[in-house]
Amino acid sequence: MGTGLTIEELVACGLSPGAAAALIDAAGDAIDAADPAAAWARLSRSVLRPDIPFAAHRLLYDRVFRDWPGPGPPPAWTPTERDVADANLTAFMARRGIASYPELYAWSVTERDAFWRAVNEDADIVLATPPGRYLARPDDPEDPGWLEGASLNIVASCFQAAPDKTAVVLPDRGSVHKVSYGELEDLTDRAARAFVASGLGPGDRVAIAMPMNLAAVAAFGGIVKAGGVVVGIADSFAPYEIRVRLDLTETTTVLTSDVVVRAGRTLPMYNKLVTAGAARIIVVPSRDDPPIDLRPDDAWWDDFLTAGDPAPGKQDIPFEAVVRHPDDHTVILFSSGTTCLLYTSDA
């Protein structure tokens, strides 16, 4: 290979000498190809595998694109013709008679209100009150005035699939458990009723600090459907870090699990939230062991849901989503670092 890629370089990336030689042989002349983008597309699809250390991926990438002239950075991924044909963006353009991406871009910046109206329609966003304009101030990037005059609850847009279609797939004792859209919507409505019954009002915050399971998904939707705001907190945080985030967001109620089982270790979650000073904790059991003791004002998830169930004869009445302004917060998301992101219904 003309670039001088050697076995020693690949061994330094974590490959064995034999694997390094095989990779050089498989790469062939791709590194010196006249079309580096096409060469990298072949390498990344057909030669480089997930078990090959990332450092080796990066070495080949840098070597293939060593003379990249631009414009812009070299592509890490290039779609195939099939990828392009099957893309949602391709279908969006075809429905509007747009022949090319440059034409789409030009439309998006010259007729912004029409473009964003089309995007919202294409995404099937359910609006309680339609907007007068989709973009009231298109020349103001800091305050463009999304969905002027509209009201909505974004959860209403999440349950438009057939009720029997699979919405969530969960691990279940070595197998998988599938939850349909209809089942998830029923559980989401139960969660919304329970949060309202517990005193949640529009704009109130509820934190979720637990692994992503069915209860977390339903609670997330239920909080937002009831007009509340979800505060996402990583379950790996220490009590002090959780306390800081609860204080920053003025959150008193937290949904968590009793414990977290990770890498063969059982780690306490409820006790960590108690140490963090959470005023009220709703606990989802994560195992079949005897339940832990809860404080008087805390509740198990099933008991919490039951407390919000409607009277007999009214169980089949759907929960009516609390409509909100498009700029109202729906999620306050803390990353595993220090970043805090605010999401609204029009985000």
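Presented here is an overview of the structure given in this document. Small disclaimer: the values here were computed from a predicted structure and weren't measured. (Residues numbered from 1 in each chain as written. Predicted model: local features only at pLDDT ≥ 70, side-chain atom pairs only at ≥ 80, totals over all residues. Heavy atoms only, no water.)

**Structural notes on the nonpolar core**
At step 1: Grouped together as the largest cluster of nonpolar side chains are 31 residues, with contacts concentrated most on F195, I208, L255, W301 and F304.
At step 2: Elements represented by at least two residues in this core include exactly strand 3 (166-172), helix 9 (181-197), strand 5 (205-209), helix 10 (214-225), strand 10 (280-284) and helix 13 (301-307).
At step 3: Sequence-distant contacts of F195, defined by excluding residues within four places in its chain, comprise L200, V206, A219, G222, I223, I282 and F304.
At step 4: If you look at the next biggest cluster of nonpolar residues, it comprises 23 residues, including L23, V47, V64 and F65. (Core = buried A, V, L, I, M, F, W, Y, C linked by side-chain atoms within 4.5 Å. Buried < 20%, exposed > 50% of the residue type's maximum accessible area, 1.4 Å probe, protein only. Helix = DSSP H or I, 4+ residues; strand = E, 2+ residues; numbered from the N terminus. Contact = heavy atoms within 4.5 Å.)

**Overview of a nonpolar patch on the surface**
At step 1: Together, L89, Y101, Y105 and V109 make up a nonpolar patch on the protein surface, roughly 410 Å² of accessible area in all.
At step 2: Within the secondary structure, Y101 sits in helix 7 (residues 101-110).
At step 3: Y101 gets classed as exposed once you look at its relative accessible area, which sits at 52%. (Patch = residues over 30% accessible without salt bridge, like charges linked within 9 Å, V, L, I, M, F, W, Y side chains within 5 Å. Areas by Shrake-Rupley, 256 points an atom, 1.4 Å probe, with all protein chains shown as cover. Salt bridge = Lys/Arg side-chain N within 4 Å of Asp/Glu carboxyl O.)

**Considering the pairing of strand 4 (residues 175-180)**
At step 1: As judged from the six bridges shared by strand 3 and strand 4, these two strands associate in the antiparallel manner. Directly across from P171, in strand 4, lies its bridge partner V176.
At step 2: Linking strand 3 back to strand 4 in an antiparallel pair, the connection comprises two residues, with R173 at a positive phi of about 50 degrees. (Pairing = 2+ DSSP bridges.)

**Topic: the packing of helix 7 against helix 8 (residues 112-122)**
At step 1: The geometry of helix 7 relative to helix 8 is characterised by a closest axis approach of 5 Å and an angle of 115 degrees between their N-to-C directions. As summarised for this structure, helix 7 and helix 8 are arranged roughly perpendicular, according to the angle between their axes. Side by side, helix 7 and helix 8 meet where L104, W107, S108, V109 and T110 of the first sit next to R112, A114, F115 and A118 of the second.
At step 2: Along the lines of polarity and charge, the residues of the contact of helix 7 with helix 8 split into six nonpolar, two polar and one charged. (Axes fitted to C-alpha atoms, helices over the stretch in contact; angles between N-to-C directions. Parallel < 35°, antiparallel > 145°, perpendicular 65-115°, else oblique. Nonpolar A, V, L, I, M, F, W, Y, C, P; charged D, E, K, R; others polar.)

**Considerations on the side chain of K225**
At step 1: Here K225 is to be found in helix 10.
At step 2: Excluding anything up to four places from it in sequence, K225 contacts N153, V155, E185, T188, D189, A192, F319, A321 and V322.

**A word on the pattern of salt bridges**
Working definition: two side chains of opposite charge can pair if their charged atoms are close together.
At step 1: Tallied over the full model, the rule gives 17 salt bridges.
At step 2: Between R133 and E148 there is a salt bridge, and its shortest N-O distance comes to 2.9 Å. Taken together, the positions of R133 in strand 1 (residues 133-135) and E148 in strand 2 (residues 146-148) put the pair 15 residues apart, joining distant regions of the chain.
At step 3: Overall, the relative accessible area of 32% leaves E148 in the partly exposed class.

**Thoughts on the packing of aromatic side chains**
At step 1: As enumerated under the stated definition, the model contains 11 aromatic pairs in all.
At step 2: Residues W107 and F115 carry aromatic rings whose centres are separated by 5.5 Å and whose planes lie at 85 degrees to one another, so their mutual orientation is edge-to-face.
At step 3: By the ring-pair criterion, three or more aromatic residues cluster together here, those being F92, W107, F115, W116 and W146. (Phe/Tyr/Trp six-rings, centres within 6.5 Å; stacked < 30°, edge-to-face > 60°.)

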